[in-house]
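Residue-level structure breakdown
Single-letter residue listing:
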Amino acid sequence: MIYRLLALNIDGTLLQSNGRLHKSTKEAVDYVREKGIYVTLVTSRSFPSAKKVAKALKIDSVLITHRGGYVAKELEKPVLERRISEDIAFEIVRLLEGFQCQIRLVHEKYSLANKLKINNNLLAKTVVNSGDPLYYPHQFVDSISDTIMDEPISPPKIEVYFEQKNDLEDAKKAIEGMFSEVDLLRLTDYRMEIVPRGVSKLTGLLFLAQQLGIKRSEIVAIGDAIDDLEMIEAVGLGVAMGNAPIEVKKAADWITRSNNQQGVGYMVKEHFRKQQPIEFLRKMNIIR
């Protein structure tokens, strides 16, 4: 099989646990790009945050961000954007404010979150280390519903961090029962994301592939998280990181090393060294 598109998750895949890119990972991305393979990032992060990682990798591609809700090469020129409407966002926020949780409306230009003292240390670390660059503005307010009543927001994604597991389950059931306009994904026992109905990393990736004239079978996707599972299962070659949970590994065609063992670089060396450059394959009329 000839692969023409490589889709990479960021956290837990490209980045090590310390948040840094290893030299071998950068070299692996350079290697596949030199072969003419299109490399993109598929992430739950905001666009500015993903763009920062792309620049470090010298990737000037269309990026799939906000878990598929915002697909763009430049901030002001999205090729695909899906948003939770202002009214639905407001109603969901009002419901969530009845729980002990931090609510974060993630816009492509900024985030808006409620002030909350988090007692769960692991959760606090997750919220603080969101991966967003310093120039991405974070605003914290006492009441999100009061704020967006005056200044409505239509976000591509809402992140919610709960103090208690039971609260997450209760909120998830309530939102699923009341709002058919959104999809929810439980990422951990304490964290949930809300996106417009039908939006996912997979839908964003398939949209980009269609724009590029690339078949689903010609895509390689590498990821480590629950929200990567659908994408890993659906593409031509789905790769799970060594640090991925068991259900993601079961969905994968191949399992590479962990993010701290340069799993992306290892996978690239194993699978792409035998593939001829895309331009050569075109000249030989093997692909069009």
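In this report, we go over the structure that sits alongside the text. Computed from a predicted structure; not experimentally measured.

Comments concerning the layout of surface pockets
The method is simple in principle: a probe with the dimensions of a water molecule rolls over the atoms, and the space it marks as empty is what remains. Of the voids in this model, the second largest pocket is the one considered here, and its volume is about 170 Å³. Those elements giving two or more residues to the lining of the second largest pocket turn out to be strand E10 (182–186), helix H8 (201–212) and helix H9 (229–234). Broken down by class, the residue content of the lining of the second largest pocket amounts to seven nonpolar, three polar and five charged.

Comments concerning helix H2 (residues 23–34)
For H2, built from 12 residues, the straight-helix expectation of 16 Å at 1.5 Å per residue is met to within 8% by its first-to-last C-alpha distance of 17 Å. Those residues of H2 not exposed but buried are Ser24, Thr25, Ala28, Val29 and Val32. The buried residues of H2 all sit within an arc of 140 degrees when viewed along its axis, so they share a single face. Structural note: H2 exposes Lys23 and Glu34 on the side pointing more than 90 degrees away from its buried face.

Things to note about H8
The α-helix winds at 3.6 residues per turn, so residues separated by three or four positions along the chain end up facing the same way. With 12 residues, H8 should cover 16 Å at 1.5 Å per step; its first-to-last C-alpha distance of 17 Å lies within 8% of that length. Considered for burial, the residues of H8 that qualify are Lys201, Leu202, Gly204, Leu205, Phe207, Leu208 and Ala209. Looking at the residues trailing H8, positive phi occurs at glycine 213, about 75 degrees.

Observations regarding the nonpolar core
With 32 residues, the main nonpolar core has Leu6, Leu8, Leu14, Leu41, Val220 and Ile222 as its most contacted residues. Residue contacts for valine 220: discarding those within four places in its chain leaves Tyr3, Leu5, Leu6, Ala7, Leu237, Val239, Met267 and Phe272. Residues Val93, Leu95, Ile144 and Ala171 belong to the second largest nonpolar core, which totals 27 residues.

Brief notes about the side chain of arginine 45
Tracing the chain through its elements places arginine 45 in the loop between strand E2 (38–41) and helix H3 (47–56). There is a polar contact of 2.7 Å between the side chain of arginine 45 and the side chain of aspartate 11. At a separation of 2.9 Å, a polar atom in the side chain of arginine 45 contacts the side chain of serine 49.

Structural notes on the packing of aromatic side chains
According to the stated counting rule, one finds three aromatic pairs in the structure shown. With a centroid separation of 6.0 Å and an interplanar angle of 65 degrees, the aromatic rings of phenylalanine 47 and tyrosine 70 are classed as edge-to-face. Of this pair, phenylalanine 47 sits in helix H3 while tyrosine 70 sits in strand E4 (residues 70–74), and the two are 23 residues apart along the sequence. Aromatic side chains tryptophan 254 and tyrosine 266 sit 5.9 Å apart centroid to centroid with 20 degrees between the ring planes, which places their arrangement in the stacked category. A residue pair is termed long-range when its members are at least 10 positions apart, and tryptophan 254 in strand E14 (residues 254–255) and tyrosine 266 in helix H11 (residues 263–272) qualify at 12 residues. We classify tyrosine 266 as partly exposed; its relative accessible area is 26%.

A closer look at the packing of helix H4 (residues 86–96) against helix H7 (residues 165–178)
Packed helices, taken two at a time, are described by their axes: the angle between them and the distance between them. Closest axis-to-axis distance for the H4/H7 pair is 11 Å, and the angle between their directions is 150 degrees. By the angle class used here, H4 and H7 are roughly antiparallel. Relative to H7, H4 is oriented so that their crossing is right-handed. For the pair H4 and H7, the contacting residues are Ile92, Leu95 and Leu96 in the first and Ala171, Ala174, Ile175 and Met178 in the second. Classifying every residue of the contact of H4 with H7 gives seven nonpolar, no polar and no charged.

Quick look at unusual backbone geometry
Phi is positive for lysine 58, close to 60 degrees, though the residue is something other than glycine. Mapped onto the fold, lysine 58 is located in the loop between H3 and strand E3 (63–65). Of note, the phi angle at glutamine 262 is positive, near 55 degrees, even though the residue is not glycine. Along the chain, glutamine 262 turns up in the loop between E14 and H11.

Reading the values: the criteria
- Residues numbered from 1 in each chain as written.
- Predicted model: local features only at pLDDT ≥ 70, side-chain atom pairs only at ≥ 80, totals over all residues.
- Heavy atoms only, no water.
- 1 Å grid on protein atoms, 1.4 Å probe; cavity = no way out; pocket = protein on both sides within 12 Å on 5 of 7 lines; lining within 4 Å.
- Points joined across faces, edges and corners; volume = space filled by probe spheres on them.
- Helix = DSSP H or I, 4+ residues; strand = E, 2+ residues; numbered from the N terminus.
- Nonpolar A, V, L, I, M, F, W, Y, C, P; charged D, E, K, R; others polar.
- Expected span 1.5 Å × (residues − 1).
- Buried < 20%, exposed > 50% of the residue type's maximum accessible area, 1.4 Å probe, protein only.
- Arc of directions from axis to C-beta.
- Core = buried A, V, L, I, M, F, W, Y, C linked by side-chain atoms within 4.5 Å.
- Contact = heavy atoms within 4.5 Å.
- Polar contact = N/O pair within 3.5 Å; in protein donor to acceptor, adjacent residues only side chain to side chain.
- Phe/Tyr/Trp six-rings, centres within 6.5 Å; stacked < 30°, edge-to-face > 60°.
- Axes fitted to C-alpha atoms, helices over the stretch in contact; angles between N-to-C directions.
- Parallel < 35°, antiparallel > 145°, perpendicular 65-115°, else oblique.
- Left-handed = near helix turned anticlockwise from the far one by under 90°.

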